Amino acid sequence: MNKIKLLVPYVILAVCLMMAAVSRASAATFYFSPVEARIGTGGEVDVSVFLDPAGEHINAVEGEVLIPNNFVSVGAISDGDSIIGMWIQKPAYKDGKIIFSGIIPGGFDGTYEPLQPKRKAGKLFSFRVRADKAGDAFLVMRNVQALRNDGFGTPTEVSLLPLPFEILEYKGAQVEEDADTVPPEPFMPKVVRDKDIFGGKYFLAFQTQDKGHGISHYEISETKDVWVTADSPYVLKDQSLQSTIRIKAVDYAGNERTETITSKYSFAEEKGRFELLALLFLGALLVYVFRYIYMRRS
Amino acid sequence: MKIFNAIVITLIFVFYPATILADGTTLSVTILGDTQCIDGIDNDSDGLVDYPNDSGCSSFSDDDETDPVSPSPTVGTGGGGGGGGGGIITPTSVIFKGLAYPDSDVTLFQDAKVVATTKAGDAAKFEISLSGVSTGTHTFGVWAEDKQGIHSIVRTFTIAVSSGVTTVVSDIFLPPTIWADKTEVRHGDPLIFIGYSVPSADVALLINSEEELVKKIVADDAGLWVYKFDTLEVEYGNHTAHTRANTEIDISNFSKTVNFIVGTENVAALKLSLKAEKGDMNNDERVDISDFSIMAFWYGRQSPPVTIDLNDDGAVTLTDFSILAFYWTG
């Protein structure tokens, strides 16, 4: 009888694992990496949130990561090397949770790696966790949605795996930063105007990715050497579009990528000047040809 | 002898076997050079050989197989990776090859922005080569616009690009384009479906009714396929149609879906050219970051305009963004 009692927890665990396996086989799975952590107080660990589409073709996700802030606190949040193409709400910590939402234009059905026959999960974002107090804690996700790339935004079933955290009474290690010298990816900011927003004023639309530590912030310059920190969409100060606009993406390692939009009017002026020069040249050529013909006849 | 070895090593091209993906597309890689992480030798004697099996290798071009010192002993199973070092500088590129439609415009976007366009040839073949792609995970989307201006579905590939590696995505076979001449058709009147595929391809037109109807058409030498559907074959009500194509060697995914109503009157489709069916809020015939920004402005706000509320539920939610992402052109 005692032997049977001893087996009960293992049977329950096996059933749970089987149920999780069945669930993962039929639902898009959101999980953390590492899948568990043992850490000393004061120590840090980088945690990534992954999406395993499990055969689904997904193009939009949103959700929350609940932080047990009586045991841990959240440090830097990074979207470096994320599969998310456009963030609706970039992952940010507020009131004990990290909220995120974004889209993958064209959809995501797994990451292809050369020589690997199976597609892999894709990283959404990562964040640093600091252990503040000894004890057992869990990171969990809630209000998570994954929508199919079917033109209708049909929700797909999701499976959410928690991250158990064991915080022990010893001095934990800090995370060592990897060197990151690669700037953010090139991007194409656009000047847009739409009657339905900002009272029809011109605004800038921009967003890029960073394959290293992630995008820290953007800066915009409409006047030479004057930069302001800004987010997209950004209403332009110069609605006459006479200024040259520069947009700088800065990653968490301080690497920068700057893109420039040349003034609409200066471009038009240049084009106008070119056309005028071309006309003058043609005129001069015609005068020379007529003069040549006239001289030959006489 | 050293010079000879150096020349041999420099000239070595290592062709790794191709991976056949689920839909028949082929993913293969070519690595230039000869480093510890592709030489087939267990250089650090840890029982693991080369990238990606040996954790000391961060990429094929990594020239040091030695395992990194674990940055923190506190992390449990999973995660990890990184490390390595050294490495040689070799070009990193991604090549896309496949079939679209004769003389169609093929567009490639990378991480949501257009990075290349090309014209498919008479036989519908296209090839796009991207060089200087940064190491990391990138999502690429390929789509085409046929001679009538009808857009294909977008085929996406999320690829972990390795330094010094040329990744080749070949055998891409875009599904046929599809368009119907009416949005509503009187029961008994014909409904014309047209589109493009590969010349002489067998096109299957699938009409979803109570029972799915399958019609077989052969595309002509210009890739054009046309089918005159007798609506007496289906009941009154809402229906959908989509296609797929096959050649002697390959079969495509399914195309976009066309919705139509069999009712009591004929309502002509507005135009043949469907440059942006949904999501083009600023009417520039593209669905891109401009439209995303307009939608993002209305996210969580009351009473969005009908042109922005794509599923017409009175609010801009994740569902509207999903529809936008489906119609994305870059």
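Cut-offs and rules
- Residues numbered from 1 in each chain as written.
- Chains lettered and ligands numbered in written order.
- Predicted model: local features only at pLDDT ≥ 70, side-chain atom pairs only at ≥ 80, totals over all residues.
- Heavy atoms only, no water.
- Contact = heavy atoms within 4.5 Å.
- Buried area = accessible area lost by both parts, 1.4 Å probe.
- Salt bridge = Lys/Arg side-chain N within 4 Å of Asp/Glu carboxyl O.
- Polar contact = N/O pair within 3.5 Å; in protein donor to acceptor, adjacent residues only side chain to side chain.
- Nonpolar A, V, L, I, M, F, W, Y, C, P; charged D, E, K, R; others polar.
- Pairing = 2+ DSSP bridges.
- Helix = DSSP H or I, 4+ residues; strand = E, 2+ residues; numbered from the N terminus.
- pLDDT = per-residue confidence, 0-100.
- 1 Å grid on protein atoms, 1.4 Å probe; cavity = no way out; pocket = protein on both sides within 12 Å on 5 of 7 lines; lining within 4 Å.
- Points joined across faces, edges and corners; volume = space filled by probe spheres on them.
- Buried < 20%, exposed > 50% of the residue type's maximum accessible area, 1.4 Å probe, protein only.
- Axes fitted to C-alpha atoms, helices over the stretch in contact; angles between N-to-C directions.

Caption draft 1: Region of the structure containing the interface of chain B and chain A. Taken together, the contact between chain B and chain A spans 60 residues of the former and 66 residues of the latter. For the chain B and chain A pair, buried surface summed over both sides reaches about 5000 Å², with 63% attributable to carbon and sulfur atoms. The interface formed by chain B and chain A holds 2 salt bridges in total. The salt bridge partner of A:Lys190 is B:Asp288, with a shortest N-O separation of 2.4 Å. Taken together, chain B and chain A are joined by 14 residue pairs in polar contact (both at pLDDT 80 or more). Each residue belonging to the side of chain B that touches chain A can be placed in one class, and the counts come to 34 nonpolar, 23 polar and 3 charged. Note: strand β8 (residues 111–112) of chain A against strand β9 (residues 155–161) of chain B, 2 bridges, orientation parallel. Among the inter-strand pairings, A:Thr111 is bridged to a residue of β9(B), identified as B:Thr158.

Caption draft 2: Representation of the confidence of the model for chain A in the model. Residue and element names in this part refer to chain A. Of the residues in chain A, 87% reach a pLDDT of 70 or more, and the chain-wide mean stands at 87. Per-element averaging of pLDDT across chain A places helix α1 (residues 2–26) at the bottom with 48 and strand β4 (residues 58–66) at the top with 98. Here residues 265–270 is modelled with pLDDT under 50, and outside its nearest four sequence neighbours on either side it reaches 3 contacts, counting other chains as well.

Caption draft 3: Fine view of empty space enclosed by the protein. All names here are of chain B. On inspection of all chains with the given rule, the structure shows 4 cavities of 30 Å³ or more. In this structure, the largest cavity occupies an estimated 100 Å³ of space. Considering the residues around the largest cavity, the lining is formed by 14 residues, among which Ser152, Val154, Lys256, Phe326 and Trp328 are closest to the centre. Here the residues of the lining of the largest cavity are counted per class, giving 6 nonpolar, 5 polar and 3 charged.

Caption draft 4: Geometry of helix α3 (residues 318–326) of chain B. α3(B) sits mainly inside the fold: 9 of its 9 residues count as buried. Taken together, the buried positions of α3(B) are B:Leu318, B:Thr319, B:Asp320, B:Phe321, B:Ser322, B:Ile323, B:Leu324, B:Ala325 and B:Phe326. Next to the buried residues of α3(B) lie β4, β6 (86–94), β7 (97–108) and β10 (135–148) of chain A together with α2 (289–298) of chain B.

Caption draft 5: Expanded view of the sheet that holds β6(A). A sheet is described by the order of its strands in space; here 6 strands give the open sequence β2-β12-β10-β4-β7-β6 (chain A), paired in mixed fashion. Each of the sheet's edge strands pairs with one partner strand only, and the pair in question is β2 (37–41) and β6 of chain A. For this sheet, the mean angle separating the axes of adjacent strands, direction not counted, is 25°. The pairing of β4(A) with β7(A) spans 8 bridges and is antiparallel. Across the sheet, A:Val65 pairs through a bridge with A:Ile98, a residue of β7(A). Helix-sheet contacts for α3(B) involve β4, β6, β7 and β10 of chain A, and the interaxial angle to β4(A) is about 145°.

Caption draft 6: Region of the structure containing the layout of surface pockets. Residues and elements named next belong to chain B. Approximately 1100 Å³ is the volume found for the second largest pocket. What lines the second largest pocket is a set of 37 residues, and nearest its centre among them are Lys256, Thr257, Val258, Glu277 and Tyr327. For the lining of the second largest pocket, the elements supplying multiple residues, two or more each, are β11 (179–180), β12 (182–186), β18 (258–263) and β19 (267–268). Its residues assigned to classes, the lining of the second largest pocket shows 17 nonpolar, 12 polar and 8 charged.

Caption draft 7: Geometry of the pairing of β6(A). Residues and elements named next belong to chain A. Sheet topology note: the β6/β7 ladder contains 6 bridges and is antiparallel. Bridge assignment links Tyr93 to a residue of β7, and that residue is Ile98. The hairpin formed by β6 and β7 contains 2 residues between the paired strands, and Asp95 there has a positive phi angle of roughly 50°.

Caption draft 8: Up close: unusual backbone geometry. Here A:Ser33 and A:Pro34 are connected by a cis peptide whose omega angle stands at 5°. Tracing the backbone shows A:Pro34 in the loop between β1 (28–33) and β2. In this model, A:Ser232 is joined to A:Pro233 through a cis peptide bond whose omega is -5°. A positive phi angle, near 85°, is found at B:Ala112, a position not held by glycine. You can see B:Ala112 is positioned in the loop between β5 (105–110) and β6 (113–119). Residue classification places B:Ala112 among the buried positions, given a relative accessible area of 8%.

Caption draft 9: Up close: the pairing of strand β15 (residues 213–218) of chain B. All names here are of chain B. Burial of the side chains of β15 is restricted to one face: Leu213, Lys215 and Ile217 are buried, whereas none of Val214, Lys216 and Val218 on the reverse face is. In this sheet, β15 lies alongside strand β14 (residues 202–208) in antiparallel orientation, the contact comprising 6 bridges. Its bridge partner lying in β15, Val203 is registered against Ile217. The loop that links β14 with its antiparallel partner β15 comprises 4 residues.

Caption draft 10: Structural context of the sheet that holds β5(B). Strand order in this open sheet of 5 strands is β8(A)-β9(B)-β8(B)-β5(B)-β6(B), and the pairing throughout is mixed. In this open sheet, the two edge strands, each paired with only one partner strand, are β8 of chain A together with β6 of chain B. Bridge analysis of β5(B) against β6(B) gives 6 bridges, and the strand direction is antiparallel. When the sheet's bridge partners are listed, B:Leu108 is paired in β6(B) with B:Ala116.

Caption draft 11: Quick peek at the confidence of the model for chain B. Residues and elements named next belong to chain B. Residues at a pLDDT of 70 or more form 78% of chain B, whose mean pLDDT is 82. Helix α1 (residues 2–11) is the least confidently modelled element of chain B, averaging 37 in pLDDT, while strand β16 (residues 224–230) averages 98, the highest of any element. Overall, residues 1–17 carries pLDDT values under 50, and its contacts beyond four positions in sequence, including any with other chains, amount to 21 contacts. Here residues 70–89 is a poorly scored stretch, pLDDT under 50, and it has 41 contacts once near neighbours within four places are set aside; other chains count. Prediction confidence for the complex, expressed as pTM and ipTM, is 0.79 and 0.81 respectively.

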